[in-house]
Amino acid sequence: MASFELVPGCWVGGNCPCFIIAEIGQNHQGDINIAKNMIEVAKKCGANCVKFQKSDLNSRFNKAALDRPYTSHHSWGNTYGQHRAHLEFSESQFKELKKHAERHEIIFSASGMDMVSLRFLNQLGVPFFKIGSGDANNYSLIQDVARFGKPLIVSTGMQSIDTVQKVYYLLKQFNIKLGFLHCVSAYPAPPSDINLRVIQSYQEKFPDVVIGYSGHETGTDISIAAVALGAKILERHLTLDKTWKGSDHCASLDPEEFQQLVSQVRNVETALGSHIKIVRESEIACYRKLGKTLVASQNLQCGTVLSEDMLDIKVSEPKGLNADQFYNVIGHTLIHDKEYDDSIFEEDIS
Ligand SMILES: CC(=O)N[C@H](C=O)[C@@H](O)[C@H](O)[C@H](O)COP(=O)(O)O
Ligand SMILES: C=C(OP(=O)(O)O)C(=O)O
(Lines give C-alpha, C1' and ligand atoms only; values in the text may rest on other atoms or scores of the structure.)
(Ligands and ions follow the chains in the order given, each with its own letter.)
Protein backbone atom coordinates (compact mmCIF):
# COMPACT_ATOMS: atom_id res chain seq x y z
CA MET A 1 0.00 0.00 0.00
CA ALA A 2 1.29 3.46 -0.91
CA SER A 3 2.79 5.64 1.79
CA PHE A 4 4.78 8.88 1.86
CA GLU A 5 5.96 11.67 4.10
CA LEU A 6 3.21 14.28 3.77
CA VAL A 7 4.76 16.77 6.15
CA PRO A 8 8.28 16.37 7.61
CA GLY A 9 7.97 13.69 10.28
CA CYS A 10 4.39 12.81 9.37
CA TRP A 11 3.78 9.85 7.08
CA VAL A 12 0.48 8.86 5.50
CA GLY A 13 -0.72 5.59 3.97
CA GLY A 14 0.67 2.09 4.44
CA ASN A 15 0.41 1.08 8.07
CA CYS A 16 0.47 4.67 9.35
CA PRO A 17 -2.45 5.95 11.39
CA CYS A 18 -5.14 7.70 9.38
CA PHE A 19 -4.28 11.39 8.86
CA ILE A 20 -7.28 13.35 10.10
CA ILE A 21 -7.96 16.77 8.63
CA ALA A 22 -10.32 19.17 10.39
CA GLU A 23 -11.78 21.19 7.52
CA ILE A 24 -12.52 24.63 8.90
CA GLY A 25 -13.45 25.67 5.39
CA GLN A 26 -15.84 28.56 5.72
CA ASN A 27 -17.38 27.54 9.05
CA HIS A 28 -15.48 30.45 10.66
CA GLN A 29 -18.24 32.81 9.44
CA GLY A 30 -15.59 35.19 8.09
CA ASP A 31 -14.41 35.97 11.63
CA ILE A 32 -10.70 35.45 12.28
CA ASN A 33 -11.23 35.03 16.01
CA ILE A 34 -13.66 32.20 15.41
CA ALA A 35 -11.15 30.72 12.95
CA LYS A 36 -8.37 30.87 15.55
CA ASN A 37 -10.62 29.33 18.16
CA MET A 38 -11.46 26.55 15.68
CA ILE A 39 -7.75 25.82 15.21
CA GLU A 40 -7.44 25.34 18.97
CA VAL A 41 -10.59 23.22 19.11
CA ALA A 42 -9.34 21.03 16.24
CA LYS A 43 -6.10 20.48 18.12
CA LYS A 44 -7.97 19.57 21.31
CA CYS A 45 -10.15 17.14 19.34
CA GLY A 46 -7.01 15.31 18.20
CA ALA A 47 -7.07 16.30 14.51
CA ASN A 48 -3.70 16.10 12.75
CA CYS A 49 -4.30 19.10 10.52
CA VAL A 50 -6.51 22.15 10.07
CA LYS A 51 -7.51 23.16 6.59
CA PHE A 52 -8.93 26.38 5.21
CA GLN A 53 -10.12 27.42 1.76
CA LYS A 54 -8.57 30.28 -0.20
CA SER A 55 -10.11 31.93 -3.22
CA ASP A 56 -9.22 34.89 -5.36
CA LEU A 57 -12.78 35.74 -6.31
CA ASN A 58 -12.09 37.22 -9.75
CA SER A 59 -9.92 34.24 -10.68
CA ARG A 60 -12.34 31.64 -9.38
CA PHE A 61 -15.67 33.12 -10.58
CA ASN A 62 -16.71 35.03 -13.65
CA LYS A 63 -18.53 38.33 -13.21
CA ALA A 64 -22.00 36.89 -13.75
CA ALA A 65 -21.38 34.20 -11.13
CA LEU A 66 -20.27 36.84 -8.64
CA ASP A 67 -23.27 39.03 -9.49
CA ARG A 68 -25.86 36.28 -9.25
CA PRO A 69 -28.33 36.83 -6.43
CA TYR A 70 -27.74 34.54 -3.45
CA THR A 71 -30.96 34.64 -1.49
CA SER A 72 -30.39 31.49 0.57
CA HIS A 73 -30.73 31.91 4.32
CA HIS A 74 -27.07 30.85 4.40
CA SER A 75 -26.06 33.94 2.45
CA TRP A 76 -23.78 36.66 3.82
CA GLY A 77 -24.71 39.14 1.05
CA ASN A 78 -27.19 39.87 -1.70
CA THR A 79 -25.03 38.37 -4.42
CA TYR A 80 -22.85 35.28 -4.44
CA GLY A 81 -19.82 37.55 -4.80
CA GLN A 82 -20.73 39.54 -1.69
CA HIS A 83 -21.37 36.29 0.16
CA ARG A 84 -18.00 34.86 -0.77
CA ALA A 85 -16.18 38.12 -0.08
CA HIS A 86 -17.54 38.04 3.49
CA LEU A 87 -16.12 34.54 3.99
CA GLU A 88 -12.72 35.23 2.44
CA PHE A 89 -9.67 35.93 4.61
CA SER A 90 -6.95 38.22 3.30
CA GLU A 91 -3.39 37.08 2.71
CA SER A 92 -2.23 38.70 5.94
CA GLN A 93 -5.03 36.96 7.85
CA PHE A 94 -3.89 33.67 6.32
CA LYS A 95 -0.37 34.35 7.60
CA GLU A 96 -1.83 35.00 11.05
CA LEU A 97 -3.84 31.77 10.93
CA LYS A 98 -0.84 29.73 9.87
CA LYS A 99 1.19 31.18 12.76
CA HIS A 100 -1.68 30.42 15.12
CA ALA A 101 -1.73 26.80 13.95
CA GLU A 102 2.05 26.59 14.40
CA ARG A 103 1.75 28.00 17.91
CA HIS A 104 -0.78 25.28 18.68
CA GLU A 105 1.33 22.61 17.00
CA ILE A 106 -1.14 21.51 14.40
CA ILE A 107 -0.40 21.17 10.69
CA PHE A 108 -1.90 23.96 8.58
CA SER A 109 -2.99 23.80 4.98
CA ALA A 110 -5.65 25.20 2.69
CA SER A 111 -7.24 24.30 -0.58
CA GLY A 112 -6.53 26.89 -3.22
CA MET A 113 -9.57 27.38 -5.42
CA ASP A 114 -7.67 29.08 -8.29
CA MET A 115 -4.07 29.57 -9.41
CA VAL A 116 -3.71 32.99 -7.76
CA SER A 117 -4.61 31.43 -4.41
CA LEU A 118 -2.46 28.38 -4.99
CA ARG A 119 0.58 30.54 -5.78
CA PHE A 120 -0.07 32.49 -2.59
CA LEU A 121 -0.39 29.27 -0.57
CA ASN A 122 2.87 28.04 -2.05
CA GLN A 123 4.61 31.22 -0.90
CA LEU A 124 2.92 30.92 2.48
CA GLY A 125 4.63 27.56 2.76
CA VAL A 126 1.79 25.09 3.15
CA PRO A 127 3.39 21.65 3.40
CA PHE A 128 0.97 20.03 0.95
CA PHE A 129 -1.74 21.15 -1.42
CA LYS A 130 -5.36 20.11 -1.39
CA ILE A 131 -7.36 20.36 -4.59
CA GLY A 132 -11.07 20.50 -3.76
CA SER A 133 -13.61 18.56 -5.78
CA GLY A 134 -14.56 21.67 -7.76
CA ASP A 135 -11.12 21.57 -9.40
CA ALA A 136 -10.69 17.81 -9.73
CA ASN A 137 -11.37 18.05 -13.48
CA ASN A 138 -9.36 21.26 -13.90
CA TYR A 139 -6.39 19.55 -15.53
CA SER A 140 -4.41 22.70 -16.26
CA LEU A 141 -4.65 23.92 -12.65
CA ILE A 142 -3.77 20.45 -11.36
CA GLN A 143 -0.66 20.34 -13.58
CA ASP A 144 0.39 23.79 -12.46
CA VAL A 145 0.06 22.80 -8.80
CA ALA A 146 1.98 19.57 -9.44
CA ARG A 147 4.88 21.69 -10.74
CA PHE A 148 5.31 23.10 -7.22
CA GLY A 149 6.56 19.59 -6.41
CA LYS A 150 4.80 19.31 -3.05
CA PRO A 151 2.51 16.45 -2.00
CA LEU A 152 -0.92 16.82 -3.51
CA ILE A 153 -4.28 15.59 -2.21
CA VAL A 154 -7.09 15.65 -4.74
CA SER A 155 -10.72 15.29 -3.71
CA THR A 156 -12.92 13.65 -6.30
CA GLY A 157 -16.52 14.70 -5.61
CA MET A 158 -18.72 15.50 -8.62
CA GLN A 159 -16.36 13.51 -10.92
CA SER A 160 -16.59 10.31 -12.93
CA ILE A 161 -14.04 7.52 -12.69
CA ASP A 162 -12.81 8.50 -16.18
CA THR A 163 -11.88 11.93 -14.89
CA VAL A 164 -10.18 10.51 -11.82
CA GLN A 165 -8.21 8.16 -14.05
CA LYS A 166 -7.15 11.05 -16.28
CA VAL A 167 -5.98 13.00 -13.24
CA TYR A 168 -4.01 9.93 -12.15
CA TYR A 169 -2.22 9.54 -15.48
CA LEU A 170 -1.65 13.27 -15.69
CA LEU A 171 -0.08 13.42 -12.25
CA LYS A 172 2.00 10.25 -12.75
CA GLN A 173 4.23 12.33 -15.04
CA PHE A 174 5.20 14.61 -12.18
CA ASN A 175 6.53 12.03 -9.77
CA ILE A 176 4.93 13.72 -6.77
CA LYS A 177 3.43 12.29 -3.61
CA LEU A 178 -0.23 11.84 -4.29
CA GLY A 179 -3.44 11.27 -2.36
CA PHE A 180 -6.97 10.85 -3.74
CA LEU A 181 -10.02 11.34 -1.56
CA HIS A 182 -13.30 9.71 -2.36
CA CYS A 183 -15.93 12.39 -1.84
CA VAL A 184 -19.62 12.98 -2.50
CA SER A 185 -20.21 16.71 -2.75
CA ALA A 186 -23.65 16.98 -1.15
CA TYR A 187 -24.20 18.84 2.12
CA PRO A 188 -25.17 16.64 3.86
CA ALA A 189 -24.45 13.64 1.64
CA PRO A 190 -27.22 11.00 1.69
CA PRO A 191 -25.78 7.61 2.78
CA SER A 192 -27.33 5.95 -0.28
CA ASP A 193 -25.13 8.14 -2.52
CA ILE A 194 -21.89 7.65 -0.66
CA ASN A 195 -20.75 4.28 -2.07
CA LEU A 196 -17.83 3.82 0.26
CA ARG A 197 -16.73 0.86 -1.86
CA VAL A 198 -15.28 3.43 -4.27
CA ILE A 199 -12.45 3.61 -1.73
CA GLN A 200 -11.63 -0.01 -2.59
CA SER A 201 -11.89 0.69 -6.33
CA TYR A 202 -9.41 3.52 -5.93
CA GLN A 203 -7.08 1.28 -3.89
CA GLU A 204 -7.09 -1.25 -6.72
CA LYS A 205 -6.84 1.22 -9.60
CA PHE A 206 -4.30 3.55 -8.02
CA PRO A 207 -1.99 1.37 -5.90
CA ASP A 208 0.72 4.02 -5.68
CA VAL A 209 -1.69 6.71 -4.41
CA VAL A 210 -2.70 7.12 -0.76
CA ILE A 211 -6.48 6.81 -0.71
CA GLY A 212 -8.70 8.64 1.73
CA TYR A 213 -12.18 10.01 2.24
CA SER A 214 -13.60 13.51 2.48
CA GLY A 215 -16.99 13.07 4.13
CA HIS A 216 -19.96 15.41 4.00
CA GLU A 217 -22.49 13.16 5.70
CA THR A 218 -23.91 13.74 9.14
CA GLY A 219 -22.48 11.85 12.10
CA THR A 220 -19.32 9.81 12.45
CA ASP A 221 -20.35 6.24 11.56
CA ILE A 222 -19.79 6.41 7.80
CA SER A 223 -16.37 8.02 8.21
CA ILE A 224 -15.39 5.29 10.66
CA ALA A 225 -16.45 2.70 8.10
CA ALA A 226 -14.33 4.51 5.50
CA VAL A 227 -11.32 4.05 7.78
CA ALA A 228 -12.21 0.38 8.25
CA LEU A 229 -12.19 0.07 4.45
CA GLY A 230 -8.69 1.49 4.41
CA ALA A 231 -9.06 5.29 4.07
CA LYS A 232 -5.69 6.66 5.17
CA ILE A 233 -6.64 10.33 5.04
CA LEU A 234 -9.94 11.45 6.53
CA GLU A 235 -11.30 14.94 6.11
CA ARG A 236 -14.39 16.23 7.91
CA HIS A 237 -15.75 19.71 8.39
CA LEU A 238 -15.60 21.03 11.94
CA THR A 239 -18.20 23.47 13.27
CA LEU A 240 -18.61 25.24 16.57
CA ASP A 241 -22.38 25.27 16.10
CA LYS A 242 -24.44 23.34 13.59
CA THR A 243 -27.25 25.89 13.75
CA TRP A 244 -25.07 28.78 12.52
CA LYS A 245 -25.66 30.38 9.14
CA GLY A 246 -23.71 28.62 6.36
CA SER A 247 -24.26 25.71 3.98
CA ASP A 248 -21.64 23.44 5.53
CA HIS A 249 -22.57 23.48 9.21
CA CYS A 250 -25.28 20.84 8.87
CA ALA A 251 -22.78 18.42 7.28
CA SER A 252 -20.08 19.16 9.87
CA LEU A 253 -19.11 17.66 13.19
CA ASP A 254 -19.29 19.70 16.38
CA PRO A 255 -16.28 19.52 18.72
CA GLU A 256 -17.74 16.70 20.78
CA GLU A 257 -18.44 14.63 17.65
CA PHE A 258 -15.05 15.45 16.14
CA GLN A 259 -13.27 14.32 19.28
CA GLN A 260 -15.39 11.18 19.25
CA LEU A 261 -14.51 10.62 15.58
CA VAL A 262 -10.79 10.81 16.32
CA SER A 263 -11.02 8.42 19.23
CA GLN A 264 -13.28 6.04 17.26
CA VAL A 265 -10.84 6.07 14.34
CA ARG A 266 -7.92 5.29 16.65
CA ASN A 267 -9.92 2.53 18.33
CA VAL A 268 -10.94 0.98 15.01
CA GLU A 269 -7.34 1.16 13.76
CA THR A 270 -6.16 -0.67 16.86
CA ALA A 271 -8.91 -3.23 16.38
CA LEU A 272 -8.12 -3.73 12.67
CA GLY A 273 -4.82 -5.20 13.89
CA SER A 274 -3.29 -7.96 11.82
CA HIS A 275 -4.43 -10.60 9.34
CA ILE A 276 -3.09 -13.41 11.52
CA LYS A 277 -5.61 -15.45 13.49
CA ILE A 278 -4.26 -16.62 16.83
CA VAL A 279 -5.74 -17.11 20.30
CA ARG A 280 -5.14 -13.89 22.20
CA GLU A 281 -4.04 -13.64 25.81
CA SER A 282 -7.26 -11.75 26.57
CA GLU A 283 -9.37 -14.78 25.52
CA ILE A 284 -7.85 -17.17 28.03
CA ALA A 285 -10.15 -16.19 30.89
CA CYS A 286 -13.19 -16.94 28.74
CA TYR A 287 -11.65 -20.19 27.54
CA ARG A 288 -11.03 -21.24 31.15
CA LYS A 289 -14.65 -20.51 32.01
CA LEU A 290 -16.49 -21.71 28.90
CA GLY A 291 -14.07 -23.64 26.69
CA LYS A 292 -15.21 -27.22 26.08
CA THR A 293 -13.12 -30.35 26.66
CA LEU A 294 -13.50 -34.12 26.48
CA VAL A 295 -15.32 -36.14 29.17
CA ALA A 296 -16.47 -39.76 29.45
CA SER A 297 -20.12 -40.16 28.43
CA GLN A 298 -20.33 -43.40 30.46
CA ASN A 299 -18.28 -45.42 32.94
CA LEU A 300 -15.26 -46.75 31.03
CA GLN A 301 -12.71 -49.34 32.01
CA CYS A 302 -8.99 -49.29 31.44
CA GLY A 303 -8.26 -51.04 28.12
CA THR A 304 -11.39 -49.75 26.38
CA VAL A 305 -10.83 -48.73 22.78
CA LEU A 306 -12.53 -45.35 22.50
CA SER A 307 -15.41 -44.82 20.10
CA GLU A 308 -17.46 -41.65 19.49
CA ASP A 309 -20.38 -42.71 21.72
CA MET A 310 -18.04 -43.04 24.73
CA LEU A 311 -17.06 -39.40 24.75
CA ASP A 312 -18.88 -36.13 25.30
CA ILE A 313 -17.75 -32.54 24.84
CA LYS A 314 -18.64 -30.32 27.79
CA VAL A 315 -17.58 -27.32 29.81
CA SER A 316 -15.88 -29.37 32.50
CA GLU A 317 -13.75 -29.20 35.61
CA PRO A 318 -10.90 -29.87 35.56
CA LYS A 319 -10.24 -29.18 31.90
CA GLY A 320 -9.18 -32.23 29.94
CA LEU A 321 -8.23 -32.56 26.29
CA ASN A 322 -9.52 -29.79 24.05
CA ALA A 323 -12.73 -30.42 22.10
CA ASP A 324 -10.73 -30.33 18.88
CA GLN A 325 -8.98 -33.58 19.97
CA PHE A 326 -12.27 -35.56 19.79
CA TYR A 327 -11.56 -37.33 16.49
CA ASN A 328 -7.86 -37.74 17.31
CA VAL A 329 -8.54 -39.93 20.35
CA ILE A 330 -11.15 -42.18 18.71
CA GLY A 331 -9.62 -45.65 18.22
CA HIS A 332 -7.05 -45.11 20.97
CA THR A 333 -7.00 -47.21 24.15
CA LEU A 334 -7.89 -45.87 27.57
CA ILE A 335 -5.17 -46.66 30.12
CA HIS A 336 -7.11 -45.59 33.26
CA ASP A 337 -10.62 -46.28 34.52
CA LYS A 338 -13.03 -43.37 33.98
CA GLU A 339 -16.42 -42.66 35.47
CA TYR A 340 -19.31 -40.94 33.73
CA ASP A 341 -18.49 -37.20 33.27
CA ASP A 342 -14.80 -37.56 34.22
CA SER A 343 -12.47 -35.38 32.20
CA ILE A 344 -10.21 -37.19 29.73
CA PHE A 345 -6.55 -36.16 29.83
CA GLU A 346 -3.70 -36.81 27.46
CA GLU A 347 -2.16 -39.20 30.00
CA ASP A 348 -5.38 -41.29 29.98
CA ILE A 349 -4.84 -42.30 26.36
CA SER A 350 -2.26 -44.76 25.06
C1 LIG B 1 -17.21 21.98 -3.69
C2 LIG B 1 -16.68 22.84 -2.60
O3 LIG B 1 -15.98 23.78 -2.83
N4 LIG B 1 -17.00 22.45 -1.36
C5 LIG B 1 -16.49 23.10 -0.16
C6 LIG B 1 -15.87 22.06 0.69
O7 LIG B 1 -16.48 21.15 1.20
C8 LIG B 1 -17.63 23.75 0.61
O9 LIG B 1 -17.12 24.23 1.82
C10 LIG B 1 -18.23 24.88 -0.20
O11 LIG B 1 -17.32 25.95 -0.25
C12 LIG B 1 -19.53 25.33 0.43
O13 LIG B 1 -20.40 24.25 0.57
C14 LIG B 1 -20.17 26.40 -0.41
O15 LIG B 1 -21.32 26.87 0.23
P16 LIG B 1 -21.89 28.33 -0.07
O17 LIG B 1 -22.03 28.38 -1.53
O18 LIG B 1 -23.16 28.44 0.70
O19 LIG B 1 -20.85 29.32 0.40
C1 LIG C 1 -13.93 21.47 -1.63
C2 LIG C 1 -13.00 20.96 -0.87
O3 LIG C 1 -12.89 19.68 -0.51
P4 LIG C 1 -13.85 18.42 -0.82
O5 LIG C 1 -14.06 18.41 -2.28
O6 LIG C 1 -13.06 17.31 -0.27
O7 LIG C 1 -15.08 18.68 -0.07
C8 LIG C 1 -11.93 21.78 -0.33
O9 LIG C 1 -10.98 21.21 0.21
O10 LIG C 1 -12.02 22.99 -0.42
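Reading the values: the criteria
Position labels on residues start from 1 in each chain and follow its written sequence. Each chain is given a letter, starting from A, and each ligand a number, starting from 1, according to the order in which they appear as written. Under the rules for a predicted model, residues below a pLDDT of 70 receive no local features and side-chain atom pairs below 80 are neither given nor counted, while totals for whole chains, interfaces and linings still include all residues. Side-chain figures throughout are based on the complete set of non-hydrogen atoms in the structure, without hydrogens or water. UniProt positions are given in the numbering used here, feature names are shortened, and annotations may be inferred rather than shown by experiment. Secondary structure follows DSSP: runs of H or I at least 4 residues long count as helices, runs of E at least 2 residues long count as strands, and numbering of each begins at the N terminus. In what follows, salt bridge is the name for a side-chain nitrogen of Lys or Arg lying within 4 Å of a carboxyl oxygen of Asp or Glu. Whether a residue is buried, partly exposed or exposed follows from its accessible area with a 1.4 Å probe, protein chains only, as a fraction of its type maximum: under 20%, in between, or over 50%, in that order. For every residue, the predictor reports its confidence as pLDDT, a number between 0 and 100.

Remarks on the UniProt feature "domain: AFP-like" (unreviewed entry) in the protein chain
Under the present numbering, the feature "domain: AFP-like" (unreviewed entry) in UniProt falls on residues 293–350. The span residues 293–350 carries 7% helix and 14% strand; its end-to-end C-alpha distance comes to 18 Å.

Examining the pattern of salt bridges
This model, assessed by the stated rule, comprises 13 salt bridges. The partner of K63 in a salt bridge is D67, and the shortest N-O contact between them spans 2.6 Å. Of this pair, K63 and D67 both sit in helix α3 (residues 63–67), 4 residues apart, which is roughly one turn of that helix.

Notes on unusual backbone geometry
Look at the link from Y187 to P188: it is a cis peptide, with omega at 0°. Each neighbour pair has its own omega, and for E317 with P318 the value is -15°, a cis peptide bond. Mapping P318 onto the fold places it in the loop between β12 (311–314) and α14 (326–329). Here E105, not a glycine, exhibits a phi torsion of approximately 55°, which is positive. The exposure class of E105 is exposed, given its relative accessible area of 65%. If you check the backbone angles, N175 has positive phi at about 55° while not being a glycine. Residue placement: N175 occurs in the loop between α8 (161–172) and β8 (178–183). The exposure class assigned to N175 is exposed, which follows from its relative accessible area of 72%.

A word on the confidence of the model for the protein chain
Residues at a pLDDT of 70 or more form 100% of the protein chain, whose mean pLDDT is 98. Taken element by element, the protein chain is modelled with least confidence in strand β1 (residues 3–7), mean pLDDT 96, and with most confidence in strand β10 (residues 233–237), mean pLDDT 99. At the level of chain-chain contacts, confidence expressed as ipTM amounts to 0.99, with global pTM at 0.94.

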